[in-house]
Every structure is written in C-alpha cells, then in structure tokens.
Amino acid sequence: QVQLVESGGGSVRTGGSLKLSCAASGSTFGINVMGWYRQAPGKERELVATIASTFSTNYADSVKGRFTISADFRQNTMALQMNSLKPEDTAVYYCYLQDNRRFQYWGQGTQVTISS
C-alpha cells in the first residue's frame with residue numbers, strides 16, 4: 001500500500017505563483033514515475049507533468065515554460081513549481097505515483113484557484 005499526500009494548494013491572482021508538494025509513504029516496490037494531474041470543473045482529468053526515476057520530465061503543452069516538476073526519489077517526495085498562473089489553471093491537482101510493477105496510486109487532491 002502506498003499513500004500520497006499533497007500540500008501547497010490555495011488561491012492566487014493571475015500571474016502569481018504556487019508550489020505544490022507531494023509526499024509518498026508505504027511500500028512502493030520502487031518508483032518508476034511520479035507526476036501531477038489536474039481536473040477542472042466540467043472537464044476530464046488531464047496530465048500536467050511527470051518525472052521518471054531517470055529524472056526525465058514531460059509537460060503538457062499548456063504549462064511548458066511556466067511549471068517545473070522536481071523529485072527526490074530517495075525521500076519519496078515531489079514538487080511542482082507553478083509560475084505565471086492563469087485562470088485556466090484553476091483545478092484540483094492530484095499527485096500520482098507509478099511503481100515498478102506499473103501499479104498506480106493517487107492522492108486526494110489539492111485545490112488551486114486562480115482569480116483574474
């Protein structure tokens with residue numbers, strides 16, 4: 001069992017910044033990938049960014065140049081630095097982890113609200 005806990009969500013104005021963090025605990029059988037998804041009201045959940053155990057990263061086109069993902073796999077932690085935030089970034093952001101068995105685990109989500 002793996003537990004993921006997000007923190008750092010909140011409300012900021014357009015152009016502001018937030019940093020989200022995620023901490024994993026429990027038996028992971030080794031981490032393959034960690035990342036962030038988000039779900040806005042009335043929309044499907046979408047990938048925001050991922051980081052592999054090799055530190056290779058992947059970003060959605062909508063956040064490239066504004067968001068930066070990082071991880072400390074020894075400590076089982078991950079962060080998402082979000083800059084130049086826009087109203088369309090408003091969503092619930094979910095931490096996820098994929099272990100080497102390709103089992104996936106999800107956090108409960110943290111609300112990010114960007115006002116104009």
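Quick look at the structure, then. This is a predicted model, so every value here is computed, not measured.

## A closer look at the overall build of the chain
And then number 1: Across its full length, the chain holds zero helices and eleven strands.
And then number 2: Its C-alpha atoms give the chain a radius of gyration of 14 Å, near enough to 13 Å, the size a compact globule of 116 residues would have.
And then number 3: The buried share of the chain, reckoned over its 116 residues, is 44%.
And then number 4: Long-range pairs, those at least 24 residues apart, make up 54% of the contacts in the chain between residues at least 6 apart in sequence.
And then number 5: For the chain, the accessible surface area stands at approximately 6,300 Å², while carbon and sulfur atoms represent 45% of it.
And then number 6: Side chains of the chain give 11 positive and 8 negative charges; the mean places of these two sets differ by 3 Å.

## Things to note about the environment of R102
And then number 1: Here R102 is to be found in the loop between strand 9 (91-99) and strand 10 (104-106).
And then number 2: What makes R102 exposed here is its relative accessible area of 67%.

## Considering the nonpolar core
And then number 1: Ranked by size, the top nonpolar core spans 32 residues in total, and within it M34, W36, M78, L80, M82 and Y93 carry the most contacts.
And then number 2: Discounting chain neighbours no more than four positions away, the residues touching M82 are G16, S17, L18, L20, R66, F67, Y93 and V112.

## Describing the sheet that holds strand 3 (residues 18-26)
And then number 1: Taken together, four strands build an open sheet; the order of strands is 1-3-8-7 and the sheet is antiparallel. Strand pairing shows two members of the sheet lacking a second neighbour, strand 1 (2-7) and strand 7 (67-72), which therefore form its edges. Each strand axis lies, on average, 15 degrees off the axis of its neighbour in the sheet, ignoring direction.

## Here we look at the pairing of strand 9
And then number 1: With eight of nine residues buried, strand 9 is to be regarded as a mostly interior element.
And then number 2: Note: strand 4 (residues 31-39) against strand 9, eight bridges, orientation antiparallel. Residue pairing for strand 9: M34 is matched across the bridge by L97.
And then number 3: Here strand 9 runs beside strand 11 (residues 110-115); their pairing, made up of three bridges, is antiparallel.

## Description of unusual backbone geometry
And then number 1: Positive phi, normally seen in glycine, also occurs at N76, with a value near 60 degrees.
And then number 2: The topology assignment puts N76 in the loop between strand 7 and strand 8 (77-82).
And then number 3: Positioned with a positive phi, R102 is a non-glycine residue whose angle comes to about 70 degrees.

## Examining the state of the cysteines
And then number 1: Inspection of every chain in the model, using the stated rule, returns one disulfide.
And then number 2: Here C22 pairs with C95 through a disulfide, and the sulfurs are 1.9 Å apart. Here the S-S torsion is close to -75 degrees, and the disulfide linking C22 with C95 is therefore left-handed. Of this pair, C22 sits in strand 3 while C95 is found in strand 9, placing the two residues 73 residues apart along the sequence.

The rules behind these values
- Residues numbered from 1 in each chain as written.
- Predicted model: local features only at pLDDT ≥ 70, side-chain atom pairs only at ≥ 80, totals over all residues.
- Heavy atoms only, no water.
- Helix = DSSP H or I, 4+ residues; strand = E, 2+ residues; numbered from the N terminus.
- Rg over C-alpha atoms; globule rule 2.2 N^0.38 Å.
- Buried < 20%, exposed > 50% of the residue type's maximum accessible area, 1.4 Å probe, protein only.
- Contact = heavy atoms within 4.5 Å.
- Areas by Shrake-Rupley, 256 points an atom, 1.4 Å probe, with all protein chains shown as cover.
- Lys, Arg positive; Asp, Glu negative; His and termini not counted.
- Charge placed at Lys NZ, Arg CZ, Asp CG, Glu CD.
- Core = buried A, V, L, I, M, F, W, Y, C linked by side-chain atoms within 4.5 Å.
- Pairing = 2+ DSSP bridges.
- Axes fitted to C-alpha atoms, helices over the stretch in contact; angles between N-to-C directions.
- Disulfide = S-S within 2.5 Å.

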